[in-house]
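The chain contents come next:
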Amino acid sequence: MNFISGVIDLPWWGYVIVILVLTHITIASVTIFLHRHQAHRALDLSPGISYFFRFWLWLTTGMVTKEWVAIHRKHHAKCEKEGDPHSPHVYSLKKVFFEGAELYRDESKNTETIERYGHLTPDDWIERDIYAKHSKKGIGLLLVINILLFGPIGITIWAIQMMWIPVMAAGVVNGVGHYWGYRNAETPDQSTNIVPWGIIIGGEELHNNHHAYPTSAKLSSKWYEFDIGWMYIRLLEKLGWAHVKHVPPVLTLDEQKKTCDEKTVAALITHRYYFTQELKRAMAADSQKLFTQDLLKEIQSMWEDKNAKVEELAEKLEHWCAKVKSLQVTSLENFAQKLRMSVLKS
Ligand SMILES: [Zn+2]
Ligand SMILES: [Zn+2]
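Residue numbers run consecutively from 1 along every chain, following the written order of its sequence. Just so you know, chain letters begin at A and ligand numbers begin at 1, following the order they were written in. At least 70 in pLDDT is required for a residue's local features to be given in this predicted model, at least 80 for side-chain atom pairs to be given and counted, and no such filter applies to totals for whole chains, interfaces and linings, which use all residues. In computing side-chain values, all of the structure's heavy atoms are included and hydrogens and water are not.

1. Focus: the packing of helix H2 (residues 47-60) against helix H7 (residues 137-150)
Thought 1: Lines fitted to C-alpha atoms define the axes, with helix axes restricted to the stretch in contact, and inter-axis angles between N-to-C directions lie between 0 and 180 degrees. Secondary structure is summarised from DSSP: a helix means a run of H or I of at least four residues, a strand means a run of E of at least two, and numbering begins at the N terminus for each. Interhelical geometry of H2 versus H7 gives an angle of 75 degrees and a closest axis separation of 6 Å. Here H7 runs roughly perpendicular to H2, going by the angle between their axes. Residue-level contacts link Trp 58, Leu 59 and Thr 60 of H2 to Lys 137, Gly 138, Ile 139, Leu 141, Leu 142 and Ile 145 of H7.
Thought 2: We call Asp, Glu, Lys and Arg charged. Ala, Val, Leu, Ile, Met, Phe, Trp, Tyr, Cys and Pro are nonpolar, and the rest, Gly among them, are polar. Looking at side-chain class alone, the contact of H2 with H7 contains 6 nonpolar, 2 polar and 1 charged residues. By definition in this entry, angles of less than 35 degrees are roughly parallel, angles greater than 145 are roughly antiparallel, angles of 65 to 115 are roughly perpendicular, and the rest are oblique. The contact definition used throughout considers only heavy atoms, calling two residues in contact when any of these lie within 4.5 Å.

Have a look at this one:
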């Protein structure tokens, strides 16, 4: 060992790999532990792996679990409206992209937010006496470790590690993920899938899919989409360290089914964004534009009426399908037929 290079001496590309691996572990900890496990309870994690994620997040980010979870849950609760801690439609994209970390820091000081939305997060002695109380000591320790391991270049590695979450999570996901990209689901917010391959930000790139099914442990939904966080979760599950609680039920067609029943209602409500989009497409293909707005409103009332009995909804839906069929517009007839056959794969 010498003091110029530290314990580990690498060619330049070796340091690039080190940076990519270390920041990727941090991203995986954020998406698997903070986001999917803690904030949304989409999966359970074994104590051992939870301890690892908590330690790693303390060491490399200084973020406190309860604060992160509370701010994120508030984002879902108030999405794109006043009170959303980091909406590019409330603030501006520029503000969220360049000052996302500052917005996060400001909200973390709002004790009302933390108490109201931060329930069921770790509250043991390690959390109270170390991670929360000395939240910034971890990143200080990391700087020392980096210098010992890599020499002066360890400072550069550290600086990049410090920037990674503010840029990728606070800037790209919270800003761009509500602004640019494509949408699979017509969610009431402006969320987007930034790219179909969720690798660099651990799968969080698929942000519109996430807003469509916030409690799902899996963020990819189309065959061409890839969620690396989900791949890790499956791997952890094989090792017995994770247990998936929620994934969106898959929509399939039962060719034998000729009328709407309770199963159709369940399929429609679960995949309401998909059906809204399909119906809009079918209506757009109708050159006469008959009854169009009414058709959409009527079908939307199916999931807006929270008190309706499922049998009544099934009857109403069948009535709706019969009406749509009688319009004799091919695109709408096809939609109604497909809806009648729709079921959730169990
Ligand atoms: Zn969002
Ligand atoms: Zn979320």
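That shown, we press on.
2. Overview of the coordination of the zinc ion (ligand 1)
Thought 1: The donor set comprises N, O and S atoms within 2.8 Å of the metal, extended to 3.2 Å for Na, K and Ca; water molecules are omitted, so apparent gaps in a site may simply reflect that omission. Here the zinc ion (ligand 1) is held by His 75 (NE2), His 178 (NE2), His 207 (NE2) and His 211 (NE2), and the distances to it run 2.0 to 2.1 Å.
Thought 2: For the zinc ion (ligand 1), the 4 donor atoms in the first shell make angles of 96 to 150 degrees at the metal, a pattern classed as irregular. Square planar and octahedral sites, with four and six donors, are those where opposite donors lie more than 155 degrees apart and all other angles lie between 65 and 115, tetrahedral sites have four donors with every angle between 85 and 135 degrees, and the rest are irregular.

3. Section: empty space enclosed by the protein
Thought 1: Think of a 1 Å grid over just the protein atoms. A cavity is a set of points where a 1.4 Å probe fits yet cannot get out, a pocket is an open set with protein on both sides within 12 Å along at least five of seven lines, and lining residues have an atom within 4 Å of a point. Grid points are joined across faces, edges and corners, and a volume is the space filled by probe spheres set on the points. This model, assessed by the stated rule, comprises 1 cavity of 30 Å³ or more.
Thought 2: What lines the largest cavity is simply Arg 54, Leu 57, Trp 58, Met 63, Val 64, Thr 65, Glu 127 and Tyr 131.
Thought 3: Looking at the lining of the largest cavity residue by residue, the classes come out as 5 nonpolar, 1 polar and 2 charged.

4. Side note on the coordination of the zinc ion (ligand 2)
Thought 1: All of the protein donors around the zinc ion (ligand 2) are His 35 (NE2), His 40 (NE2), His 72 (NE2), His 76 (NE2) and His 210 (NE2); their distances to the metal are 1.9 to 2.2 Å.
Thought 2: Sequence positions of the donors to the zinc ion (ligand 2) reduce to the motif H-x4-H-x31-H-x3-H-x133-H. Taken together, the residues span a long stretch of sequence, with His 72 in helix H3 (residues 65-77) and His 210 in helix H9 (residues 207-212) at a distance of 138 residues.

5. Considerations on the layout of surface pockets
Thought 1: Taken as a whole, the largest pocket spans an internal volume of roughly 740 Å³.
Thought 2: Lining the largest pocket we find 34 residues, and of these Met 63, Ala 101, Tyr 104, Ile 165 and Pro 166 sit closest to its centre.
Thought 3: At the level of elements, helix H1 (12-39), H3, helix H4 (93-108) and helix H8 (153-173) are the ones that each hand at least two residues to the lining of the largest pocket.
Thought 4: With 7 residues, H8 is the largest single contributor of residues to the lining of the largest pocket.
Thought 5: Here the second largest pocket defines a volume of roughly 590 Å³.
Thought 6: Within the residue set of the lining of the second largest pocket, elements represented by two or more residues are H9, strand E5 (251-253) and helix H12 (272-284).
Thought 7: Taken together, the residues that form the lining of the second largest pocket break down as 13 nonpolar, 8 polar and 3 charged.
Thought 8: Either an automatic procedure or a domain database provided the assignment from which the domain bounds are taken. Three or more residues apiece are contributed to the lining of the second largest pocket by two domains, here domain 1 (12-244) and domain 2 (251-344).

6. Focus: the domain arrangement of the protein chain
Interface size, as often reported, equals the accessible area lost upon joining of the parts.
Thought 1: When cut into domains, the protein chain gives domain 1 (12-244) and domain 2 (251-344).
Thought 2: Its C-alpha centre places domain 1 at a distance of 37 Å from the equivalent point of domain 2.
Thought 3: Buried area, as used here, totals the accessible surface that two parts lose on assembly, with accessibility defined by a 1.4 Å probe and the loss added over both. Both sides together, the interface formed by domain 1 and domain 2 hides about 610 Å², and carbon and sulfur atoms give 51% of it.
Thought 4: The largest share of the area that domain 1 buries against domain 2 comes from Asn 184, Glu 186 and Tyr 213, three residues that together contribute 69% of it.

7. Considering the environment of Val 324
Thought 1: Along the polypeptide, Val 324 turns up in helix H14 (residues 310-326).
Thought 2: Here the alpha-carbon distance between Val 324 and Ala 336, two residues 12 residues apart in the chain, equals 6.7 Å.

8. Structural notes on helix H6 (residues 125-132)
Thought 1: Inspection of H6 places Ile 126, Glu 127 and Tyr 131 among the buried residues, and these make up the whole buried set. Burial along H6 is one-sided: seen end-on, the buried residues are contained in an arc of 85 degrees.
Thought 2: Check the buried side of H6 and you find it contacts H2 and H3. Each residue's exposure class comes from its accessible area (1.4 Å probe, protein chains only) as a fraction of the maximum for that residue type: buried when under 20%, exposed when over 50%, partly exposed otherwise. Read the arc as the range of directions from the helix axis to the C-beta atoms.

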